[in-house]
Amino acid sequence: MRILANPVILRAAVALFCATFAFLLGLVLMRLLRKSIEEDADISEPTPSLEALPMHLYNTVIQQLKQQKNELQVQSQAEQHRARTTETFSHTVLSNLSCGVLVFGINGLVKTSNPAAKQILGFASTTGMNAEDIFRGAVISHRRQCEASAFADESIDEAVNESVCLSDEVNAVLREGSKRRQVEAEIETPAGERRFIALTVSPVPAADGSLLGVACLINDLSELERIRRQQELQGEISAEKALQLRASLATISGYAQQLANSRDPELAKQLAGDIVSEATQLDCSIGGFLAEKRVAQSVAAGAGSTNS
């Protein structure tokens, strides 16, 4: 009792009691807080794992993937079918064209040609050849611009008469980006046969405007050129025949005047014979010329119907 009567010891005892009470109270509160947290964790829904997902969800996803795969396969097959149809159609059209078609790539080599082009140019195959190898130095004889130019002047007329290689026209469109050109030239096939052709050179643009290559349309004008030259020759012959006719008529007229002024029976008989002889010769010459003219016209008509 004397110890508790000491104020120092009493204060120390009170402080120890308070500290012990606070410590115990803290332990109780910590246990209550930990229990509350565990209860909240038990109440909250657990995150489902992949193994916990229902099987029908897997099946649904797999079915959707299979459906998308089938749709892509059908679309791919349709695209391939359209591509094959387009390629077959293009090949059929090119194969049945009467005019030749050559397509040069951007590298200047032939990518595509049809049978008519091979037949006209005289090559078994033109694939991989360039314009110089195909046309082999052929020079343009008639040069015509397809586009109507509002600025036509004498410089264009001079360009028409200049000597230009046929291969230069292809390279001009391919390398310089020139517009479509139409030219005519005489070429020699590898077999040595000379042919007169009309060539239309056109650029092949891509969707973005860039150049994919050059397309050449070839028409064989050899028969028409032969007929034209025959007509020129016939014109020259006609002029010559006209001079002969004029000379014969002048001769007959001279004989007739002499016959009219002659009083000598023998001279009159001779002049009459000369007139008959000159008239007979003139008739034979005109008859032969008209027969050749009819033959030439029938041949030209047959060639025209064949080309049409």
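Located above this text is the structure these notes cover.
Bear in mind that the values here come from a model prediction, so they are computed numbers and not experimental data.

Help me understand the overall build of the chain in this model?
The helix and strand tally for the chain stands at nine helices and six strands. Burial status across the chain gives 21% buried among its 308 residues. When contacts within the chain are restricted to residue pairs at least 6 apart in sequence, those whose partners lie at least 24 apart make up 53%. If you sum the accessible surface of the chain, you get close to 22000 Å²; carbon and sulfur atoms cover 59% of it.

How do you make sense of helix 8 (residues 222-261) when you look at a structure like this?
In this model helix 8 runs 58 Å from its N-terminal to its C-terminal C-alpha over 40 residues, within 8% of the 58 Å that 1.5 Å per residue would give. Taken as a whole, helix 8 has its buried residues at Glu 225, Ile 227, Gln 234, Ser 248 and Ile 252.

Would you mind showing me how to read the nonpolar core here?
Note that soluble globular proteins tend to have their nonpolar side chains buried in a common cluster. One finds Leu 102, Phe 104, Ile 134, Phe 135 and Leu 166 to be the most contacted residues of the largest nonpolar core, which totals 27 residues. Those elements giving two or more residues to this core turn out to be strand 1 (100-105), helix 4 (115-121), helix 5 (131-135), helix 7 (166-175), strand 4 (181-188), strand 5 (194-205) and strand 6 (211-220). Here the element with the most residues in this core is helix 7; it accounts for four residues. Setting aside its immediate chain neighbours within four residues, Phe 104 contacts Leu 109, Val 110, Met 129, Asn 130, Ala 131, Ile 134, Val 170, Leu 212, Gly 213, Val 214 and Cys 216.

For this particular structure, what's the right way to read a nonpolar patch on the surface?
Together, Phe 17, Phe 21, Leu 25, Val 28, Leu 29 and Leu 32 give the surface a local cluster of nonpolar side chains, amounting to about 640 Å² of exposed area. By the secondary structure assignment, Phe 21 is in helix 2 (residues 7-43).

I'm lost on the side chain of Ser 113 in this one. Help?
Relative to the helices and strands, Ser 113 resides in strand 2 (residues 110-113). For Ser 113, a relative accessible area of 16% corresponds to the buried category. Of the polar contacts made by the side chain of Ser 113, one reaches the side chain of Thr 126; its length is 2.8 Å. With residues near it in sequence (within four places) discarded, Ser 113 still touches Val 101, Leu 102, Lys 118 and Thr 126.

About the thresholds
Residues numbered from 1 in each chain as written. Predicted model: local features only at pLDDT ≥ 70, side-chain atom pairs only at ≥ 80, totals over all residues. Heavy atoms only, no water. Helix = DSSP H or I, 4+ residues; strand = E, 2+ residues; numbered from the N terminus. Buried < 20%, exposed > 50% of the residue type's maximum accessible area, 1.4 Å probe, protein only. Contact = heavy atoms within 4.5 Å. Areas by Shrake-Rupley, 256 points an atom, 1.4 Å probe, with all protein chains shown as cover. Expected span 1.5 Å × (residues − 1). Core = buried A, V, L, I, M, F, W, Y, C linked by side-chain atoms within 4.5 Å. Patch = residues over 30% accessible without salt bridge, like charges linked within 9 Å, V, L, I, M, F, W, Y side chains within 5 Å. Salt bridge = Lys/Arg side-chain N within 4 Å of Asp/Glu carboxyl O. Polar contact = N/O pair within 3.5 Å; in protein donor to acceptor, adjacent residues only side chain to side chain.

Just distances and angles here, no functional claims.
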